[in-house]
Amino acid sequence: MNVAVTMFSGGRGAAGIARGMLGTPGVTLSLVVNGYDNGLSTGALRRYLPGMLGPSDFRKNLLLHLDPADPARAALATVLEHRLPGGTTPAGLAAVIESIATRRGPFAALPEAAREAVTADLRVFARRLAAYPHGLDLADCALGNLVFAGAYLRLGRDFNAAVDACARTFGSPVRLLNVTNGENAFLTALRRDGSLLADEADIVAPQGPGAITDLFLLREPLGARRAELEALPPAWTREVLGRERAEVTPNPRALEAIRDADLVVYGPGTPHSSLLPSYLTPGVADAIARSRAAAKVFVVNIRGDHDIRGLSAPDLVDRTLAYLGDPRNGRRLVTHVLSHRTSAPDAPAVPYGVLDRGEWAGARWVTADLRHPGSPGLHHPERTAEALLAIRNEAALARAR
């Protein structure tokens with residue numbers, strides 16, 4: 001079996017499914033990710049390097065194949081995930097780089113090619129920091145994000161080229177693709193009560209019960225304008241933010257991966273930060289509509305997230321279709337929905353009527369035992385991958401008849 005799978009993904013929500021796919025013989029996996037993360041140290045790094053998208057979700061997807069039982073792969077994971085302690089100075093960062101260059105401590109087992117690439121990109125970033133030492137607190141910065149930042153600077157501030165370079169450095173078997181051509185944009189959301197979630201960090205944080213109604217990709221962060229906009233009627237705020245939308249263009253390689261897929265998966269995760277913004281990218285819906293994929297499957301979260309309080313599983317399918325510009329699913333952008341057989345109290349609810357009909361918005365609703373027994377909020381890698389591929393194979397057979 002040779003199956004090309006393309007999955008819309010965030011940082012960790014779909015990681016189990018991705019690992020299940022990677023462990024399936026004959027499957028090639030492309031992950032389509034957006035770079036709008038700007039929480040904590042990632043946000044600080046984006047402010048320090050104006051114009052750069054957030055590397056965090058790309059960094060997290062480079063961990064998928066890194067087995068901690070393998071010393072070399074464990075050392076690669078350490079580079080990606082190592083957090084600089086509070087009070088780290090440029091000199092302290094230089095000391096960490098020297099430890100990598102000489103393969104000391106947790107970096108001792110680094111493969112030679114990776115050691116050279118990581119050291120080179122970190123030194124590019126360190127030179128920038130030495131020239132402009134103010135404006136970035138290194139506390140809690142993920143070292144992997146600084147590798148991305150160094151690659152970004154080295155490659156002429158081309159974010160997608162930096163993603164490709166880091167994928168090579170860390171030996172990723174996944175085709176990791178930014179959904180856009182790398183244009184800088186800032187995520188903002190509007191809630192039903194008119195309150196604003198000023199950025200991606202607000203969207204994923206604990207919040208009140210009012211549902212998110214609108215997402216915007218803006219040219220500039222809201223900053224001090226938040227209070228001014230919240231004082232307006234929600235309709236006016238919506239209009240103002242609509243006029244300030246960022247112009248982004250699709251990554252041609254992401255569109256190609258979608259069109260050439262045998263199976264398209266809308267992965268689980270934090271929808272309003274990791275997934276729905278990707279569907280706002282021009283050309284994505286058309287690529288899905290033209291895809292040769294026999295099945296285009298929406299995977300329901302097994303547990304809830306702060307940004308989807310009060311939303312049912314069918315609501316989330318509807319949100320996906322709305323952001324793809326096909327609210328009635330007339331273009332068959334979602335052919336199947338896959339959910340866990342029973343819902344946990346904090347998971348998006350699946351109404352009994354939907355289960356009885358086995359259908360929603362023209363898409364077939366499929367249930368299976370997907371929950372990871374050791375991590376109840378996560379999908380079981382192998383079982384979920386198996387269920388998705390079974391849906392694809394059945395759909396392909398039906399198409400061939």
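These notes cover the structure that comes with them. Quick caveat: nothing in here was measured; it's all calculated off a predicted structure. (Residues numbered from 1 in each chain as written. Predicted model: local features only at pLDDT ≥ 70, side-chain atom pairs only at ≥ 80, totals over all residues. Heavy atoms only, no water.)

1. Here's the deal with the packing of aromatic side chains
Counted by the stated rule, this structure contains five aromatic pairs. Ring plane angle 90° and centroid distance 5.1 Å describe the contact between phenylalanine 8 and tyrosine 279, whose orientation is recorded as edge-to-face. Of the two residues, phenylalanine 8 sits in strand E1 (residues 3–8) while tyrosine 279 sits in helix H13 (residues 271–279), which places them 271 residues apart along the sequence. The class of phenylalanine 8 is buried, set by a relative accessible area of 1%. Ring geometry for phenylalanine 58 versus phenylalanine 159: centroids 5.4 Å apart, planes at 75°, classification edge-to-face. Within this pair, whereas phenylalanine 58 is found in helix H3 (residues 56–61), its partner phenylalanine 159 is found in helix H8 (residues 159–169), the two being separated by 101 residues in sequence. On the basis of relative accessibility, which here comes to 3%, the residue phenylalanine 159 falls in the buried class. Grouped by ring-pair contacts, the aromatic residues Phe8, Tyr266 and Tyr279 constitute a single cluster. Of note, arginine 128 hangs over the ring of tyrosine 132, and the distance from its end group to the ring centre comes to 4.5 Å. (Phe/Tyr/Trp six-rings, centres within 6.5 Å; stacked < 30°, edge-to-face > 60°. Helix = DSSP H or I, 4+ residues; strand = E, 2+ residues; numbered from the N terminus. Buried < 20%, exposed > 50% of the residue type's maximum accessible area, 1.4 Å probe, protein only. Lys NZ or Arg CZ within 6 Å of the ring centre and 35° of its normal.)

2. Here's the deal with the pattern of salt bridges
Evaluated as defined, the whole model comprises 20 salt bridges. Note that arginine 154 and aspartate 121 form a salt bridge whose closest N and O atoms lie 2.6 Å from each other. On the criterion of sequence distance, the pair formed by arginine 154 in helix H7 (residues 143–154) and aspartate 121 in helix H6 (residues 112–131) is long-range, its members being 33 residues apart. The partner of arginine 364 in a salt bridge is glutamate 394, and the shortest N-O contact between them spans 2.8 Å. A residue pair is termed long-range when its members are at least 10 positions apart, and arginine 364 in strand E11 (residues 363–368) and glutamate 394 in helix H17 (residues 381–400) qualify at 30 residues. Given a relative accessible area of 44%, glutamate 394 falls into the partly exposed group. (Salt bridge = Lys/Arg side-chain N within 4 Å of Asp/Glu carboxyl O.)

3. Focus: the packing of H13 against helix H15 (residues 313–323)
Their axes nearest at 8 Å, the elements H13 and H15 cross at an angle of 35°. Between H13 and H15 lies a crossing of right-handed hand. Seen from H13, the contacting residues are Pro271, His272, Leu276 and Tyr279; seen from H15, they are Leu316, Arg319, Thr320 and Tyr323. A class-by-class count of the residues in the contact of H13 with H15 yields five nonpolar, two polar and one charged. (Axes fitted to C-alpha atoms, helices over the stretch in contact; angles between N-to-C directions. Left-handed = near helix turned anticlockwise from the far one by under 90°. Contact = heavy atoms within 4.5 Å. Nonpolar A, V, L, I, M, F, W, Y, C, P; charged D, E, K, R; others polar.)

4. Digging into the layout of surface pockets
One number sums up the size of the largest pocket: a volume of about 690 Å³. Around the largest pocket sit 31 residues that line it, and Arg12, Gly13, Gly269, Thr270 and Arg303 are the ones nearest its centre. Of all elements in the fold, only helix H1 (15–22), H3, helix H9 (200–204) and H13 reach the threshold of two or more residues within the lining of the largest pocket. Broken down by element, the residue count for the lining of the largest pocket peaks at four residues, all from H1. Broken down by class, the residue content of the lining of the largest pocket amounts to eight nonpolar, 14 polar and nine charged. Taken as a whole, the second largest pocket spans an internal volume of roughly 210 Å³. (1 Å grid on protein atoms, 1.4 Å probe; cavity = no way out; pocket = protein on both sides within 12 Å on 5 of 7 lines; lining within 4 Å. Points joined across faces, edges and corners; volume = space filled by probe spheres on them.)

5. Side note on helix H2 (residues 40–48)
Summarising burial for H2: seven of the nine residues are buried, a large majority. If you check which residues of H2 are buried, you get Ser41, Thr42, Gly43, Ala44, Leu45, Arg46 and Tyr48.

6. Here's the deal with the environment of leucine 355
Following the sequence through the fold, leucine 355 ends up in helix H16 (residues 352–357). Relative accessible area serves as the criterion here: at 33%, leucine 355 is assigned to the partly exposed category. A C-alpha to C-alpha distance of 7.1 Å links leucine 355 and tryptophan 365, two positions ten residues apart in sequence. Leaving out residues up to four positions away in the same chain, leucine 355 has contacts with Val350, Trp365 and Thr367.

7. Things to note about the sheet that holds strand E6 (residues 212–218)
If you trace the three strands from one edge of the open sheet to the other, you get E5-E4-E6, paired in antiparallel fashion. The open sheet has two free edges, formed respectively by strand E5 (196–197) and E6, since each of these has just one partner strand. Two strands pair when backbone bridges link them, and strand E4 (residues 186–191) and E6 are joined in this way by six bridges, in the antiparallel orientation. Counted as the bridge partner of phenylalanine 186 is leucine 218 from E6. Strand contacts of H13: E4 and E6, with the helix running at about 65° to E6, the strand carrying the most contacts. (Pairing = 2+ DSSP bridges.)

8. Thoughts on the environment of leucine 66
Within the fold, leucine 66 resides in the loop between H3 and helix H4 (71–81). On the accessibility criterion, leucine 66 (8% relative accessible area) is buried. Sequence separation of leucine 66 and threonine 78 is twelve residues, and the distance between their C-alpha atoms is 9.8 Å. Those residues in contact with leucine 66 that lie beyond four places of it in its chain are Arg73, Leu76, Ala77, Leu80 and Phe170.

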